[in-house]
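# Working through the structure, step by step
One letter stands for each residue in the lines below.
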Amino acid sequence: MSQLNPFSYATDNKRYHTWNYHLRQQFGHKVFKVALDGGFDCPNRDGTVAHGGCTFCSASGSGDSAGNRAEDLEIQFLKIKNKMHTKWKDGKYMAYFQAFTNTHAPVDVLREKYESVLKQEGVVGLSIATRPDCLPDDVVDYLAELNERTYLWVELGLQTVHQSTADLINRAHDYQTYIEGVNKLRKHNIRICTHVINGLPLETPEMMMETVREVTKLDVQGIKIHLLHLLKGTPMIKQYEKGLLEFLSFDEYVNLVCDQLEILPPEMIIHRITGDGPIDLMVGPMWSVNKWEVLNSIDAELKRRNSWQGKYYAKEMEGIVK
């Protein structure tokens, strides 16, 4: 095999298939997400499947960078769009329904909300964050309709394949439910981005690797690799105080993400490999607030290894562990 990365992501100068590169290839120019709060609840909070929510989830429903739910969606869109333009002068937009569970409503409500932002100038697509247990048939039918007329992604929270962890974090669905959700969406060729979290309570690095190994077997087109952020006011604080949670170190996280990238399919789109939680709410790990240092260190480690996304994917598919 060549000593160089055989997959050319030249516009990013990365050794993995970035979301930014993918969007530039798809649309020919910069596209960025405009994060919105659609005013939805979550079935894991309102009693539909459970109460209390996932123990890591903030009061904003993991939509800390989204707009203000007290404002009309069109107002949110304009405010967030203008804020993003302070970083990028030009670009088009993906409307991103981020906060809480964005298919947890009747179809007529979903239609009203989604269509209101799809008609905004410069919007080229829609990204919808939701849970695999919140995909009734009529909602999937509407998503299939959207998929025919706009560039659609559905972001499905998996977080972990380990039932012991799912129970501990009050996930309120199992892995089989996730597989069924994927199958429902892929029946209509809807693009799926799987969310996983590194650093969940009592999980070992091998458990985190196993979650990503399982993702490689699914018919999903993208992945978001999150670092667990412990935030003030979340139920996970109590688990932390009981000693159930130990933060990954900077070096542990960098090496783990590189290991995970090496076994992912080379064509899978990497939507995220870290993140920076709201600093005023952060309990830890505090090194994560330096997001660019984390990203640069992952790049440097891949280069040091002479490695890239998918380097060991074929071996994983043969059942050979590197």
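The structure under discussion appears in the preceding block.
Here's a quick rundown of the structure. Per chain, the residues get numbers from 1 upward, laid out in the order the sequence is written. At least 70 in pLDDT is required for a residue's local features to be given in this predicted model, at least 80 for side-chain atom pairs to be given and counted, and no such filter applies to totals for whole chains, interfaces and linings, which use all residues. As a rule here, side-chain values cover all heavy atoms of the structure and leave hydrogens and water aside.

### Thoughts on the overall build of the protein chain
Under the scheme used here, helices are H or I runs from DSSP no shorter than 4 residues and strands are E runs no shorter than 2 residues, and both carry numbers assigned from the N terminus. When helices and strands are tallied, the protein chain shows 11 helices and 9 strands. For the radius of gyration, the atoms used are the C-alpha atoms, and the globule rule reads 2.2 Å times the number of residues raised to 0.38. Relative to the compact-globule value of 20 Å for 322 residues, the protein chain shows a C-alpha radius of gyration of 19 Å, a close match. If one aligns the C-alpha atoms of the protein chain with their principal axes, the spans along those axes are about 50 × 50 × 40 Å. Buried, partly exposed and exposed residues are distinguished by accessible area as a fraction of the type maximum, computed with a 1.4 Å probe on protein chains only: under 20%, between the cut-offs, and over 50%, respectively. Out of the 322 residues belonging to the protein chain, those deemed buried represent 56%. Considering only contacts within the protein chain whose residues lie at least 6 apart along the sequence, 81% involve residues at least 24 apart. Looking at the protein chain as shown, the accessible area adds up to about 14400 Å², and 50% of this sits on carbon and sulfur atoms. Two residue types count as positive, namely Lys and Arg, and two as negative, namely Asp and Glu; His and chain ends fall outside the count. Throughout, a charge is located at the NZ atom of Lys, the CZ atom of Arg, the CG atom of Asp or the CD atom of Glu. Taking the average location of the 37 positive side-chain charges in the protein chain and that of its 42 negative ones, the two points are 5 Å from each other. Contacts are assigned to residue pairs that have any heavy atoms within 4.5 Å of one another. We get accessible surface area from the Shrake-Rupley algorithm with a probe of 1.4 Å; when it comes to residues, only the shown protein chains can shield them.

### Overview of the sheet that holds strand 4 (residues 151–159)
Criterion used throughout: strands pair if DSSP finds at least two bridges between them. Across the sheet, which stays open at both edges, the 7 strands sit in the order 1-2-3-4-5-6-8 with parallel pairing between neighbours. The open sheet has two free edges, formed respectively by strand 1 (31–36) and strand 8 (269–272), since each of these has just one partner strand. When strand polarity is set aside, the average angle formed by the axes of neighbouring strands in this sheet is 25 degrees. Angles here are taken between N-to-C directions and fall from 0 to 180 degrees, while the axes themselves are lines fitted to C-alpha atoms, restricted in helices to the stretch in contact. Where helix 2 (residues 73–84) meets the sheet, its contacts fall on strand 1, strand 2 (92–97) and strand 3 (123–130), and the angle it forms with strand 1 comes to roughly 135 degrees. In the packing of helix 7 (residues 205–216) onto the sheet, the strands contacted are strand 4, strand 5 (191–198) and strand 6 (222–227), and the crossing angle to strand 5 comes to about 170 degrees.

### Observations concerning the packing of helix 9 (residues 250–263) against helix 10 (residues 291–305)
For any two helices packed against each other, the geometry comes down to the angle between their axes and how far apart the axes lie. At a minimum axis distance of 9 Å, the contact between helix 9 and helix 10 shows a crossing angle of 55 degrees. One element, helix 9, and the other, helix 10, form an angle in the oblique class. Crossing hand, helix 9 versus helix 10: right-handed. Here helix 9 contributes Phe250, Tyr253, Val254, Asn255, Val257, Cys258, Asp259, Leu261 and Glu262 to the contact with helix 10, which in turn contributes Glu293, Val294, Ser297, Ile298, Glu301, Leu302 and Arg305. Polar here means any residue outside two lists: the nonpolar Ala, Val, Leu, Ile, Met, Phe, Trp, Tyr, Cys and Pro, and the charged Asp, Glu, Lys and Arg; Gly therefore counts as polar. Considered class by class, the residues forming the contact of helix 9 with helix 10 number 9 nonpolar, 2 polar and 5 charged. The labels follow the angle: roughly parallel below 35 degrees, roughly antiparallel above 145, roughly perpendicular from 65 to 115, and oblique for the rest. Helix crossings are classified by the rotation of the near helix relative to the far one: an anticlockwise turn of less than a right angle makes the crossing left-handed, while a clockwise turn makes it right-handed.

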